[in-house]
Amino acid sequence: MITDQRMQAGGSLPSLGVLIDKANHLVQTIALPSVVQLVLRVALAVPFWRSGMLKWAGFLRLNDTAVTLFSDEFMLHLPGGPYHYPAPAVMAFLSGCGEIMFPILLVLGFGTRFAALGLLFMTVIVELTVPDGWPIHITWAAMALGIMAYGPGRVSLDHLIGRRLSPEPAADGHRVRR
């Protein structure tokens, strides 16, 4: 009712609406979907990459600390547990490989949805290992799910490959490959 009265009396509501419109346009310009998707990929890649780099002593050679963590420190907090990791050397190796390969794939935007799925799975395992870290883990899971749902965006190898492989309409309306 007050809004109607201001609009009829020539109040400041229409100019406020224009201001809000301009502010929304500015925010949408800054947060372009392709930029958001790239930032999500990098943001999810960084913590896993950093953790993965700490596990290696050379090419395909784990350091002693990584194996010790999976042997003695890390425990799976499952019902009736906590339990030691089965095959700790294998688990450390797989974790180290995933923490290096999945972030590389994410940053490049290659096999992006599968890399995000891999990091989502790793996030679940990390949550089972460090249950008190859930505020960070839920953030990683949200980023991974966002990447899986909306894809890598235009700034990615997946997008480039998809454009190269997708058929284009020809002048006669039939689909042709580039």
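Just so you know, these numbers come straight off a predicted model, no measurement behind them.

Bringing the overall build of the protein into the picture now. Regarding its fold elements, the protein presents eight helices and six strands. From first element to last, N terminus to C terminus, the protein shows the α and β order α-α-α-β-β-α-β-β-α-α-α-α-β-β. Here the protein holds 178 residues, and the buried ones make up 26% of them. Taking all contacts inside the protein whose residues are at least 6 apart in sequence as the whole, residues at least 24 apart take part in 60%. For the protein, the exposed surface amounts to about 12000 Å²; the carbon and sulfur share of it is 70%.

This part takes up the nonpolar core. Grouped together as the largest cluster of nonpolar side chains are 14 residues, with contacts concentrated most on Leu-44, Phe-48, Leu-106 and Leu-119. Of all the elements in the fold, those that place two or more residues in this core are helix H3 (33–53), helix H6 (112–129) and helix H7 (134–150). Among the nonpolar cores identified, the runner-up in size contains eight residues, and Trp-56, Leu-62, Phe-70 and Leu-76 belong to it.

Okay, the environment of Ala-115 next. Mapped onto the secondary structure, Ala-115 falls in helix H6. On the basis of relative accessible area, Ala-115 is assigned to the buried category, the value being 1%. When the C-alpha positions of Ala-115 and Ile-104 are compared, they lie 8.9 Å apart, and in sequence the two are eleven residues distant.

Here we take up the layout of surface pockets. Counted as a void, the largest pocket has a volume near 570 Å³. In terms of lining residues, the largest pocket is bounded by 26 residues, among which Lys-55, Phe-70, Ser-95, Glu-99 and Val-126 are the most central. Of all elements in the fold, only H3, helix H4 (64–73), helix H5 (88–108), H6 and H7 reach the threshold of two or more residues within the lining of the largest pocket. The element contributing the most residues to the lining of the largest pocket is H5, with six residues. Its residues placed into classes, the lining of the largest pocket shows 17 nonpolar, seven polar and two charged. As a volume, the second largest pocket reaches approximately 190 Å³. Around the second largest pocket, the lining residues are Met-53, Trp-56, Gly-58, Phe-59, Leu-60, Gly-96, Cys-97, Ile-100 and Met-101. Elements with a contribution of two residues or more to the lining of the second largest pocket: strand S1 (56–58) and H5. For the lining of the second largest pocket, the element with the highest residue contribution is H5, accounting for four residues.

Now for the side chain of Glu-99. Examined against the element boundaries, Glu-99 turns out to sit in helix H5. Since its relative accessible area comes to 6%, Glu-99 is described here as buried. If near-sequence neighbours (up to four positions away) are discounted, Glu-99 is found in contact with Phe-48, Trp-49, Ser-51, Gly-52, Lys-55 and Met-122.

Analysis parameters
Residues numbered from 1 in each chain as written. Predicted model: local features only at pLDDT ≥ 70, side-chain atom pairs only at ≥ 80, totals over all residues. Heavy atoms only, no water. Helix = DSSP H or I, 4+ residues; strand = E, 2+ residues; numbered from the N terminus. Buried < 20%, exposed > 50% of the residue type's maximum accessible area, 1.4 Å probe, protein only. Contact = heavy atoms within 4.5 Å. Areas by Shrake-Rupley, 256 points an atom, 1.4 Å probe, with all protein chains shown as cover. Core = buried A, V, L, I, M, F, W, Y, C linked by side-chain atoms within 4.5 Å. 1 Å grid on protein atoms, 1.4 Å probe; cavity = no way out; pocket = protein on both sides within 12 Å on 5 of 7 lines; lining within 4 Å. Points joined across faces, edges and corners; volume = space filled by probe spheres on them. Nonpolar A, V, L, I, M, F, W, Y, C, P; charged D, E, K, R; others polar.

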